[in-house]
Amino acid sequence: STVTETATLDRAELVRRQAELKALQQSLTEQELELSTLHNELQIFENAYNRIMGERQNELERLKKRVLDFAAGFDSSGSQTIRDQQKNFEKDWENFSFDESEEADDTGSADIFGEGDPFTPDETLKKLFREAARKFHPDLTTDTEEREKRHDLMARLNAAYLEMDSEKIRALIDEGEANFPEEDKSHSVRQQLSRVLKQTGQVRHRLLQIEKIIEELGNSDMARLKTYCNKGETEGRDVLQEMADEAQEKIDSLKMRVARLASDCSIL
């Protein structure tokens, strides 16, 4: 009688824990989707920023170096006017940076990935992502070797999701189904319960990780810049182009000042 009662209690606990794990698994799938979507959106935006602003920033750095090279050539016998120009140049460079421009005050600095269309996954693509994450997430296994293989599959899943390639995701689902068989249900109730408890702990830990990563990404300079650009778009403004135009004006102005400085130096 005691053995029967104990077995019944273990079975009831297993059923309860399995239901708990299933609910956590659902949350995990949605959180992984949210994290991957946010990361990809920022990556695409960062690429656009670098494509528009990267070369201009590099040119400003080259001009800065030229100014400082001129400044290094001044000596005590140089013209006071030239030395005053040197101080003005150095003051301008100390006070100027994109991070301190009006746009950056509201948004922060930025980072980005390649060219291409904006990241706009449709519901079909998201559904495929959910299916793959739900079936093959690495935190849903307690086997160390299989866990590593699942990590690799998830990395490729995120890459295919970034490319918005539904065929690649379907192929990954087929690969996962072939390589990761369903759990063995022949184990004792206590063995199954032990495994479910470990899986539950792993999933809870991953959920906390995702929550922290999403918060950090949302507060990043790139996310704030993207939000600022999105706000500008609703107002009919192209903020990145405005930043590029401002940078180009500074480049043109500095080129003229460098030319004048070079001319003045040639007189000495």
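Engineer: Tell me about the overall build of the protein chain, and please be specific about residues and values.
Structural biologist: Across its full length, the protein chain holds 9 helices and 0 strands. If you list the helices and strands of the protein chain from N to C, you get α-α-α-α-α-α-α-α-α. When burial is assessed residue by residue, the protein chain has 37% of its 268 residues classed as buried. Here the contacts in the protein chain between residues at least 6 apart in sequence split such that 81% fall between residues at least 24 apart. Split by element, the accessible area of the protein chain, about 16000 Å² in all, is 48% carbon and sulfur.

Engineer: Describe in detail the environment of Gln-57, supporting the description with residues and values.
Structural biologist: Mapped onto the elements of the fold, Gln-57 is located in helix α1 (residues 2–72). With 187 residues separating them along the chain, Gln-57 and Ala-244 place their C-alpha atoms 9.4 Å apart.

Engineer: Give a description of the confidence of the model for the protein chain that names residues and reports values.
Structural biologist: Of all residues in the protein chain, 75% attain a pLDDT of 70 or more, and the chain-wide mean is 81. Considering each helix and strand of the protein chain separately, the mean pLDDT is smallest for helix α3 (residues 102–107), with a value of 38, and largest for helix α4 (residues 123–136), with 96. Within the model, pLDDT remains below 50 along residues 96–115, and this stretch shows 61 contacts once partners closer than five positions in the same chain are excluded.

Engineer: Quick one: what's the story with the packing of aromatic side chains, residue by residue and with numbers?
Structural biologist: Applying the stated criterion to the full structure yields 3 aromatic pairs. Geometrically, the ring pair formed by Phe-136 and Phe-180 is tilted, given 6.0 Å between the ring centres and 50° between the ring planes. Of this pair, Phe-136 sits in helix α4 while Phe-180 is found in the loop between α6 (166–179) and α7 (189–218), placing the two residues 44 residues apart along the sequence. When sorted by exposure, Phe-136 lands in the same class as Phe-180, which is buried. Three or more aromatic residues link up through ring pairs in this structure, and these residues are Phe-119, Phe-129 and Tyr-161. Above the ring of Phe-180, the side-chain terminus of Arg-150 is found at 5.1 Å from the ring centroid.

How each quantity is defined
- Residues numbered from 1 in each chain as written.
- Predicted model: local features only at pLDDT ≥ 70, side-chain atom pairs only at ≥ 80, totals over all residues.
- Heavy atoms only, no water.
- Helix = DSSP H or I, 4+ residues; strand = E, 2+ residues; numbered from the N terminus.
- Buried < 20%, exposed > 50% of the residue type's maximum accessible area, 1.4 Å probe, protein only.
- Contact = heavy atoms within 4.5 Å.
- Areas by Shrake-Rupley, 256 points an atom, 1.4 Å probe, with all protein chains shown as cover.
- pLDDT = per-residue confidence, 0-100.
- Phe/Tyr/Trp six-rings, centres within 6.5 Å; stacked < 30°, edge-to-face > 60°.
- Lys NZ or Arg CZ within 6 Å of the ring centre and 35° of its normal.

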